[in-house]
Amino acid sequence: IKKIEERNLPQIDGDFAKKINLDSVDDMKKKLLENMKQHEEKRIEEGLKESISKVLLERIRFEVPKTLIQNEYVKILKEYDLPDSDSNKERFWSIAENRIRFNLILDKITKKENLQVAESEIIDLVTKLGIQLTDQNRGDVIEYLGGMLSREKVMDFLYKNAKISEKSRILTPKEVANDTHSLRH
């Protein structure tokens, strides 16, 4: 061992608060609590959106065209730089099918609820992400980010309009059928 160092953390006092542009330790505590609350609310919202996604996939069943599944499966293989093999097909085929089915469900909801993404929203996201639009990539980038924003808008719509029971999660159809004590939604 050549050297041992100990990290000295600063004292949390008025001087420290001023260094991070706050007036006092109380302001720092309030800001910290506010940030923690926002983080927790966001975590809960994301968890509920995930539950909504699962419920949609469980409740809305339909045959997905094999060509769409195949295209998504190939995208997954490319994304992870994997070869097409029986084991990969077994692992990723159902994931590809669920992705396609989920996107088709969201597309249908988008049309039914008339949820549109304005081009200005897409351009704002392009600017925020620092993406350089060129003649070669403009169409692909706009289409990709537009789809992403559209799915996000639909999930926000579903989240805001979901009827969630007092349980800590959304019930599956099977659980609803078997549970005589819960609120049904």
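Residues numbered from 1 in each chain as written. Predicted model: local features only at pLDDT ≥ 70, side-chain atom pairs only at ≥ 80, totals over all residues. Heavy atoms only, no water.

Asker: Help me understand the overall build of the chain, please; the structure alone is not making it clear to me.
Answerer: When helices and strands are counted, the chain shows seven helices and zero strands. Listing every helix and strand of the chain by position from the N terminus yields α-α-α-α-α-α-α. When the 185 residues of the chain are sorted by exposure, 26% land in the buried category. Considering only residue pairs separated by 6 or more positions, the chain has 56% of its internal contacts joining residues 24 or more positions apart. (Helix = DSSP H or I, 4+ residues; strand = E, 2+ residues; numbered from the N terminus. Buried < 20%, exposed > 50% of the residue type's maximum accessible area, 1.4 Å probe, protein only. Contact = heavy atoms within 4.5 Å.)

Asker: Can you walk me through the pattern of salt bridges in this structure?
Answerer: Any two side chains of opposite charge can pair, so long as their charged atoms come close to each other. Within this structure, the stated rule accounts for eleven salt bridges. Across the salt bridge formed by Arg-43 and Glu-40, the nearest N and O atoms sit 2.5 Å from each other. Of this pair, Arg-43 and Glu-40 both sit in helix α2 (residues 25-59), three residues apart, which is roughly one turn of the helix. Classification of Arg-43 by relative accessible area gives partly exposed; the value is 49%. Glu-40 sits in the partly exposed class, given a relative accessible area of 33%. Here Glu-79 ties to Arg-99 by a salt bridge, and the two come within 4.0 Å at their closest N and O atoms. Here the residue Glu-79 occupies a position in helix α3 (residues 66-79), and Arg-99 occupies one in helix α4 (residues 86-113), the gap between them amounting to 20 residues. On the basis of relative accessible area, Arg-99 is assigned to the partly exposed category, the value being 30%. A single network of salt bridges, built from pairs that share partners, joins Glu-72, Lys-75, Glu-79 and Arg-99. (Salt bridge = Lys/Arg side-chain N within 4 Å of Asp/Glu carboxyl O.)

Asker: It is not clear to me how the side chain of Ser-150 should be interpreted in this structure. Could you clarify?
Answerer: If you trace the backbone, Ser-150 turns up in helix α6 (residues 138-161). A relative accessible area of 15% means that Ser-150 is categorised as buried. Not counting residues up to four positions away in its chain, the partners in contact with Ser-150 are Thr-110 and Val-117.

Asker: Explain α4 here, please?
Answerer: Side chains that are three or four residues apart share a direction in an α-helix, a result of its 3.6 residues per turn. With 28 residues, α4 should reach 40 Å at 1.5 Å per residue; the first-to-last C-alpha distance of 40 Å fits that figure. Where α4 bends most, the angle comes to about 40°, and this point is Phe-92. Among the residues of α4, Asn-88, Phe-92, Trp-93, Ala-96, Ile-100, Arg-101, Phe-102, Ile-105, Leu-106, Ile-109 and Thr-110 are the ones counted as buried. Check the buried side of α4 and you find it contacts α2, α3 and α6. Note on α4: the residue one or two positions beyond its end, Asn-114, has a positive phi of about 55°. (Expected span 1.5 Å × (residues − 1). Bend = angle between axes of the 7 residues up to and from the residue.)

Asker: What am I meant to see in the nonpolar core here?
Answerer: Nonpolar side chains in soluble globular proteins tend to be buried together. Of all hydrophobic cores here, the largest spans eleven residues; its members are Ile-52, Leu-56, Leu-57, Phe-102, Ile-105, Leu-106, Ile-109, Leu-115, Val-154, Met-155 and Leu-158. Those elements giving two or more residues to this core turn out to be α2, α4 and α6. Considering each element in turn, this core owes the most residues, four residues, to α4. The residues contacting Met-155, other than those within four sequence positions of it, are Lys-49, Ile-52, Ser-53, Phe-102 and Leu-106. Residues Val-64, Ile-69, Trp-93 and Ala-96 belong to the second largest nonpolar core, which totals nine residues. (Core = buried A, V, L, I, M, F, W, Y, C linked by side-chain atoms within 4.5 Å.)

Asker: Is there a simple way to explain the side chain of Thr-110 in this structure?
Answerer: As for its placement among the helices and strands, Thr-110 is situated in helix α4. Overall, the relative accessible area of 11% leaves Thr-110 in the buried class. Discounting chain neighbours no more than four positions away, the residues touching Thr-110 are Leu-115, Ser-150 and Val-154.

Asker: For this particular structure, what's the right way to read the confidence of the model for the chain?
Answerer: Segments scoring low in pLDDT should not have their predicted coordinates read at a detailed level. For the chain, the mean per-residue pLDDT works out to 87, and 89% of the residues sit at or above 70. Across residues 180-185 the pLDDT falls below 50, and counting only partners more than four positions away or on other chains, this stretch makes twelve contacts in the model. (pLDDT = per-residue confidence, 0-100.)

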